[in-house]
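Chains, contacts and geometry: an overview
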Amino acid sequence: MRLDDLLRVSVRQVLRHRRRYLGVVLAIALGVAGFMLVMTMSRDFKKNFNRDLNLIGGATIIRMYFEDLPDHRPQWFRTETLAGLRRIPGVTDASLVALAGSARTNWRTRQYYFSLLGVDDSFWEVRGLWPLKGQLFHDADVEARKREVVLGTELARRIFGSQEVEGRYMEIDHDLYRVSGLLGGITDSSLANSAFIPLTTAQDRVSGISLPNRLYLRVLTWDDVDRVVAAVPAAVSAHQSADLLRVEVSWEALKRVKHVAWWVEFFIYLALSATLILGGFGIWNVMMAAVRSRTREIGLKKAMGAEDRDILAQFLSEALCLSVGSAILGVALGRLAMEVMGYFIGSSPPLDLFLICLALGLLFAVFLGVGAGLYPSIQASRMEVVSAIRYE
Amino acid sequence: MANGALISVSNLAKIYANGVGTIPVLQKVNLKIFPGEMVAVMGPSGSGKSTLLFILGLFLHPTRGSYHLAGEDVLKLDRTAQAEFRRRRVGFVFQSCDLLENSTVYENLEFPLIYAGVDRRERPARILAALEQVNLEHRIHHASNHLSGGERQRVAVARALVNQPQVILADEPTGQLDRSHSHLIMDHFAEIVKKAETAVVVVTHDPEIAGRCTRVCSLDDGILYEG
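Since the structure is predicted, the reported quantities are computational estimates derived from the model, not experimental observations. (Residues numbered from 1 in each chain as written. Chains lettered and ligands numbered in written order. Predicted model: local features only at pLDDT ≥ 70, side-chain atom pairs only at ≥ 80, totals over all residues.)

On to the overall build of chain B, then. In terms of regular secondary structure, chain B is built from seven helices and ten strands. Burial status across chain B gives 48% buried among its 227 residues. Excluding contacts between residues fewer than 6 apart, the proportion of contacts in chain B whose partners are at least 24 apart in sequence is 72%. (Helix = DSSP H or I, 4+ residues; strand = E, 2+ residues; numbered from the N terminus. Buried ≥ 20, exposed ≤ 12 C-beta atoms within 10 Å, placed from the backbone. Contact = placed C-beta atoms within 7 Å.)

Before going further, it helps to examine the overall build of chain A. Secondary structure assignment for chain A yields 14 helices and ten strands. Within the span of chain A, comprising 392 residues, buried residues form 42% of the whole.

Take the nonpolar core next. Considering soluble globular proteins, one finds that nonpolar side chains tend to be buried as a cluster. Counting residues in hydrophobic clusters, the biggest one holds 112 residues, and the most contacted among them are Ala40, Ala158, Val201 and Val202 of chain B. The dominant element in this core, judged by the number of residues it contributes, is helix 2 (residues 18-52) of chain A, at twelve residues. Excluding anything up to four places from it in sequence, Val201 of chain B contacts Ile33, Val39, Val41, Leu53, Leu56, Val167, Leu169 and Ala170 of chain B. Judged by nonpolar contacts, the second largest core, of 60 residues, contains Trp124, Leu183, Ile209 and Val219 of chain A. (Core = buried A, V, L, I, M, F, W, Y, C linked by C-beta atoms within 7 Å.)

Many authors give the size of an interface as the accessible area that is lost as the parts come together. Contact with chain B, which involves 18 residues of that partner, is made by 17 residues of chain A. Put simply, the parts of the chain that give the side of chain B that touches chain A at least two residues each are helix 2 (79-88) and helix 3 (105-115) of chain B. At five residues, the largest contribution of residues to the side of chain B that touches chain A is made by helix 2 of chain B. Taken together, the residues that form the side of chain B that touches chain A break down as twelve nonpolar, two polar and four charged. (Nonpolar A, V, L, I, M, F, W, Y, C, P; charged D, E, K, R; others polar.)

A few words on the pairing of strand 2 (residues 22-33) of chain B. Residue and element names in this part refer to chain B. In this sheet, strand 2 lies alongside strand 1 (residues 7-17) in antiparallel orientation, the contact comprising eight bridges. Following the sheet pairing, Tyr16 is matched in strand 2 by Ile23. Hairpin geometry of strand 1 and strand 2 is characterised by an intervening segment of four residues between the two adjacent antiparallel strands and by a positive phi of about 95° at Gly19. (Pairing = 2+ DSSP bridges.)

Moving on to the packing of helix 10 (residues 251-293) of chain A against helix 12 (residues 308-345) of chain A. Residue and element names in this part refer to chain A. Relative orientation of the contacting elements helix 10 and helix 12 amounts to 145°, with a least axis distance of 11 Å. Crossing of helix 10 against helix 12: the hand is right-handed. Touching Gly279, Ile283, Met287 and Val291 of helix 10 are Phe315, Ala319, Leu322, Ser323 and Ser326, all from helix 12. Each residue belonging to the contact of helix 10 with helix 12 can be placed in one class, and the counts come to six nonpolar, three polar and no charged. (Axes fitted to C-alpha atoms, helices over the stretch in contact; angles between N-to-C directions. Left-handed = near helix turned anticlockwise from the far one by under 90°.)

Our focus in this paragraph is the packing of helix 5 (residues 149-161) of chain B against helix 6 (residues 179-195) of chain B. All names here are of chain B. The contact between helix 5 and helix 6 brings their axes to 10 Å, and the two run at 15°. Here helix 5 lies roughly parallel to helix 6, going by the angle between them. For the pair helix 5 and helix 6, the sense of crossing is right-handed. Two secondary-structure elements touch here, helix 5 through Gly150, Gln153, Arg154, Val157 and Leu161 and helix 6 through His181, Leu184, Ile185, His188 and Ile192. In terms of residue class, the contact of helix 5 with helix 6 is built from five nonpolar, four polar and one charged. (Parallel < 35°, antiparallel > 145°, perpendicular 65-115°, else oblique.)

In this section: the environment of Gln379 of chain A. Within the fold, Gln379 of chain A resides in helix 13 (residues 351-381). In this structure the C-alpha to C-alpha distance between Gln379 of chain A and Phe315 of chain A, which are 64 residues apart in sequence, comes to 9.8 Å.

Turning to the environment of Asp175 of chain A, a few remarks are in order. All names here are of chain A. In this fold, Asp175 is placed in strand 7 (residues 175-184). Separated by 31 residues in the primary sequence, Asp175 and Val206 have C-alpha atoms spaced 8.9 Å apart. Excluding residues that lie within four positions of it along the chain, Asp175 makes contacts with Arg147 and Arg205.

On to unusual backbone geometry, then. All names here are of chain B. A positive phi angle, close to 60°, is found at Leu58, a residue other than glycine. Locating Leu58 in the fold gives a position in the loop between helix 1 (49-56) and strand 4 (64-69). Here Leu58 falls in the buried class, since 22 other C-beta atoms lie within 10 Å of it. Backbone geometry places Asn102, a non-glycine residue, at a positive phi of 55°. By the secondary structure assignment, Asn102 is in the loop between strand 6 (90-93) and helix 3.

What follows is about the confidence of the model for chain B. Residue and element names in this part refer to chain B. Residues with a pLDDT of 70 or more make up 98% of chain B, whose mean pLDDT is 88. Within chain B, no element has a lower average pLDDT than helix 6, which sits at 83, and none a higher one than helix 3, at 94. Predicted complex, confidence summary: ipTM 0.89, pTM 0.70. (pLDDT = per-residue confidence, 0-100.)

All names here are of chain B. The residue His188 is located in helix 6 in this model. Distance in space between the C-alpha atoms of His188 and Ala158 is 9.5 Å, their sequence separation being 30 residues. Among residues more than four places away in sequence, those in contact with His188 are Gln133, Val134, Arg154 and Val157.

Turning next to helix 2 of chain B. Considered for burial, the residues of helix 2 of chain B that qualify are Gln82, Ala83, Arg86 and Arg87 of chain B. End-on, the buried residues of helix 2 of chain B take up no more than an arc of 140°, which puts them together on one face. On its buried face, helix 2 of chain B sits against helix 11 (295-303) of chain A together with strand 6 and helix 3 of chain B. (Arc of directions from axis to C-beta.)

Encoded structure:
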């Protein structure tokens, strides 16, 4: 039997019995679509989840600083070091910070003490902070060395007795600063009691503020943390001494997040695998049923001169049409789901990963079709003509 | 070819073993059929008529005896060669108008051609020619389950003819048809043996159908008698 005849006859058979095969087709298609979605979109999904993770402890923020030892020259992060750290694969952003242990302000005859941090414009993004009131200062404000201050909620309540502080002025280290906004998204109480001014302004105007010797790195996903931590010393050493460098990560939080994520991913894959295995059993089952219900047809075809291998090839090819057809439907559904999910989480599905999934999906479908269809096909091919023709 | 016989069967026996004992279905069958002959095989139910036909079509292997088709000992053929034999040398018509369900008349006639490796471009003409022999060319694209009993049996005859076999084996081809359709089928067989050097073996209960054949044989207790 020629290949083109075989394919034509098999496709025709599958289409004519499409109602019988509907359940199997849907099981395999949904399984393939689900696998594609998890494989292609999980990184983007983790990235978005990671951003929200700051609310539960910022497990993917790496904190770095130079230790201040009495008999050593103080160290700080150079501009080129910052650029080098930003280039490490998996790092999404980096922020430089300088800290004044204690600053003071006067308000209506009273004095208030608080922590003052000089930060760059990336600080908000890296630490996952947003304005509760007003706005946070930007790149241009840092460049222009503006006297703007952002207050933590607790500090604002302590000084002004309210959260309506935008546009007010406060004195810090004998300079007047305009309050530009109130900081939201804080899970750390020390930040709620702090004030934030542009790093450049702090270096110009605040006496006793440290050199910018603290740095925060935001990492894309929790899977990237280990790799980034390992790459940090070399990235720093390329531009300056890393002798006093200290790197801190919330390892315990990270471990727990990874653990939870692993189980979630495991159950998703398990559920999808179960769907595909059920699809495989479905093919086996419908092909066995087809062999039984088409026994007379098999006998008739053998009486017309079909060889055992013709019957084997026909049933195997029908199983393959079923599995590959289902996989193609699954790929289409998966692509559609990728686009929809990409729209909602604000990312575009990576084409190379999609093509890999396409190839894997089709390969798996061939494996499934052959695996599930082989035994029924062998059964069909071994039938004797007379018993098949007389089958009721 | 022994004495010009197309089919030459001698001392053919088929004995089934059922665990308790043996059942001799065919005991001693000797038969010669020549090209252009239409031979009827009659006999009561269970006399082994269908078994003989299945052996002639190489669907069953006899317990002993010899079977030559056009001088060739076909009982020595292996499984692949047996399929080749069924593709090219015999055409089979079954009692129960067995057509492939959910298929058109064209598709039913195409399968023997597919298995015989006939070129795809050549198939429509061959199918049309076979259908013309049974006056059903106008039904070529109709679904087989939309045909009447008589039409289905004529399609089965056309399918047996499509590969231009040397022998047509028909197992009670008119068993489910009324008188007029039965005669129509026999007319087609008569036409076929007249046109081509073909032999037709018809198994039947019906003396009237047997009377349309050139020769009648009877099977009784597994022994074949002429006349």
